[in-house]
Amino acid sequence: MSYTRKGQGRERKDSDGSSQKFVYDLENSCNSICTNREESLVAAVGRKLFKVLKIFPDQFELVANLRDLPHKQINLNYSSNDVQWNPKDDAQLATAPTNGCVVLWDLNKRSKSKTCHIFENIHQRAVNKLSYHPHEPNILLSGSQDCTMNCLDSRSQTRTAEYKGPDSVRDVKFSPHFAHENYFAAAYENGMVQIWDRRFGESALKQWSFHNGPAYCCDWHPEHEQWIMSAGRDKMVKVCDITQGRVKEVYTVHALFSVARVKWRPFHKFHITSCSHILDNVVAIWDVRRPYIPYCSFAEHSDDVTDFLWLNDNVLLSCSKDKKLIQQIISEAERPADRATPTGLSFKVDGALTHACGDYLIHRNKPSSLAGYGSSRHPMQFRKNEGDPYQQRFLFSRSSLSEYTESDVASDLGLDDIAKSWLVLKLLYCANDSEYSGPGFLQLKSASKHLPNRQIATECHDDIVRDTMKVEPSISYESPRGFTEEENEENITGDVSAVLDFFEYDHQIIDPALSRNLPSSQDWGELPVEAVQLRRDIAQRPLSPEHDNCSAVSASQSAIDSTASMQPDVHHYSIPKSQWDFKFVVKNMLQFYAEMGDVQTSVSATLVLGDLGKKLVSDENIEHWFSSYIEMLNRYKLFSIASLVTKLCPLSTINQSNQQSTTFNVSCGFCNRCMDKGGWQCDRCGKIFSICSVCHCTVKGIFVWCNLCGHGGHLNHLQEWYETNSHCPAGCNHLCLLGSSAV
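Quantities reported herein were computed from a predicted structural model and do not represent experimental measurements.

Draft legend 1. Spotlight on a nonpolar patch on the surface. A cluster of nonpolar side chains, namely Trp680, Ile688 and Ile691, defines an oily patch on the protein surface of about 250 Å² accessible area. With respect to the secondary-structure elements, Ile688 resides in the loop between β35 (674-675) and β36 (703-705). Taking the relative accessible area as the measure of exposure, Ile688 reaches 36% and is therefore partly exposed.

Right, dumping it as structure tokens:
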């Protein structure tokens, strides 16, 4: 039989000329690819694709199109999720269709249909993955969405064994090592990974669940039989060591998207390759010792990469939803690490700082210029700040802005700009009674223009400052700017002078240069009435709230009448409430701190302002600020403060998050089975856990245990036990006292 031959592609010579990069148009989306033993042929399958191509040094050539049949003969057996080539026979293929069957194909068959055998009714749902035994080519393993795995014998065309997993099987893989030739690994939808012995189908040998979500793939290390890796939707690639009695996580790689395929790079112990089925068209190569930046990457596809494989340690084949099959050379890959910043900083929870930079920076520059810098192998650690963290000193339960002490906290920490921002907020939103009074400046008391003597002037000025700033009686007032008493007597004249002195007293918020533009004391009384509104005569009201009785009013009245007779033309004014709308200034301040990365100040100010702060900023910005701040608090393990901020957030999407994901599953301490159904008895081994060491009954309430020996029980039973004993009640002879750091 003659086959249609078709070759096409774009090529670009490699640096050494031994390999080339070229592209082949598959004409349909590809789900999986696989090569034969000699790596001279590659099979590509998909929903509407089943082709076998020959690999030449400069192009792909079509050898067979197994879907080139009459339309009536094409069924679901030709739509596959996976394809595997027999490790010994280059003419035999196995595919995993979407109808639950497993189909064997023989390329040497002379008929147009290359179907050799169909394993029917072995799975109830679609088959996700296939795996040939590396040393016994007639043994084929299949994993399906129906939570089962079947071991098939292609020679006898029968099913030899069936294995039941805890959830849908996403990947299966036989071990390539002779020491574990009967072992295979399986990854499940619930995030669990298991190791089975195909000779014993009752239960798995080992299992672990290191993923927060479905585990999509797994792979054995080609050289080190004790290493196996898995990846899933949680954007994590986990490398585990299974030689010990308990599976140990060795390395963790943090990918940018959910990982759908992982494979080890040949002849490189620490290199792995990954791709994602969604939102990513990149094939990334990682060094597990550097888990955050890929070693190199290929971004030649225009759509999501579905599968890839290595021809050798320098040549990679990849397929994608863009209908392209590409051979790529490692020397032409992008190097993201070369564009990354070669320095790093990391804060510890207690405030310690670690700094490191690339070794080549130290060698390239003079030693004196980088003296004391930490290299990547020996980072430099800085002494932490012994003061309390800024987050821990914030208070959110105050009902009044004037009661807040954030300005003092910021001043103590050297954050002068934040301290002044809090002070300005207090001035804008607080009235004399220290409560919210809506937009407007502080309403200040007025002082008379001319006072009879220096003593009355000083007392009046002190009253203004004390009433507006709510200064405690124990705090004495000091003259601003170092004026003498005579200079103060000259400056404390008129309402505007008193207001100016107030602002200068409070960290000099108003520029002292503005005082040169103020009218002199001789012209102050001649201001037009429409500029400064008149108030009622001072003789009609008491000088202070304490003078409410009749005797005090009459005494004060006579004193003021005598003073008024000396100055018959003096007018008394009050400063009106400003009509300046400063909301946009506060809004810009909140956005400024958020853009600078200080979401703590923006969130705190929003909480303090309450409904006023919610009206200034959009709900989207508030949600973004609170989410970032809560994440930062959780990262610093300030969980109580994070919970309080979540509770006080004005948005329901944030304050109701504490009511979500409040449950967690536990595992049996004897067989590590996940206890999804609850209860106090394991469904697999039948053993009862959480047993009290004193009464030997199941603990259904609060369980207290020792962190060192692991024994515990009911709280009241342990309290009674440790009243007369000091050693563990389980008989392990451990000294664990109730209430100590070990319990």
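Draft legend 2. Region of the structure containing the environment of Leu648. Relative to the assigned elements, Leu648 resides in helix α14 (residues 639-648). What makes Leu648 partly exposed here is its relative accessible area of 33%. Linking Leu648 and Leu607, residues 41 residues apart in sequence, is a C-alpha distance of 7.2 Å.

Draft legend 3. Examining the pairing of strand β25 (residues 271-275) more closely. The buried fraction of β25 amounts to five of the five residues, a majority that puts the element mostly inside the structure. Covered by surrounding structure in β25 are His271, Thr273 and Cys275 together with Ile272 and Ser274, the residues of both alternating faces. Here strand β24 (residues 261-264) folds back onto β25, and the loop between the two strands holds six residues, one of which, Phe267, carries a positive phi near 65 degrees. Pairing between β25 and strand β26 (residues 283-287): four bridges, direction antiparallel. Residue pairing in the sheet places His271 in a bridge with Asp287 of β26.

Draft legend 4. Geometry of the state of the cysteines. According to the stated counting rule, one finds zero disulfides in the structure shown. Cysteine Cys692 shares no disulfide, and the gap to the nearest cysteine sulfur, in Cys695, comes to 3.7 Å. Under the relative-accessibility criterion, Cys692 is labelled buried at 0%. Using a relative accessible area of 27% as the deciding quantity, one classes Cys695 as partly exposed.

Draft legend 5. Structural context of the pattern of salt bridges. Per the stated rule, a full pass over the model turns up twelve salt bridges. Between Glu300 and Lys21 there is a salt bridge, and its shortest N-O distance comes to 2.8 Å. Here Glu300 is found in the loop between β27 (296-298) and β28 (305-310), whereas its partner Lys21 is found in strand β3 (residues 20-25), with 279 residues between them in sequence. One salt bridge connects Lys321 with Asp304, and the closest N-O pair in it is separated by 3.9 Å. One end of the pair, Lys321, is in the loop between β29 (315-320) and β30 (324-329); the other, Asp304, is in the loop between β27 and β28, with 17 residues separating them in the sequence. According to the relative accessible area criterion, Lys321 is partly exposed, its value standing at 35%. Overall, Asp304 belongs to the buried group, its relative accessible area being 13%.

About the cut-offs
Residues numbered from 1 in each chain as written. Predicted model: local features only at pLDDT ≥ 70, side-chain atom pairs only at ≥ 80, totals over all residues. Heavy atoms only, no water. Patch = residues over 30% accessible without salt bridge, like charges linked within 9 Å, V, L, I, M, F, W, Y side chains within 5 Å. Areas by Shrake-Rupley, 256 points an atom, 1.4 Å probe, with all protein chains shown as cover. Salt bridge = Lys/Arg side-chain N within 4 Å of Asp/Glu carboxyl O. Helix = DSSP H or I, 4+ residues; strand = E, 2+ residues; numbered from the N terminus. Buried < 20%, exposed > 50% of the residue type's maximum accessible area, 1.4 Å probe, protein only. Pairing = 2+ DSSP bridges. Disulfide = S-S within 2.5 Å.

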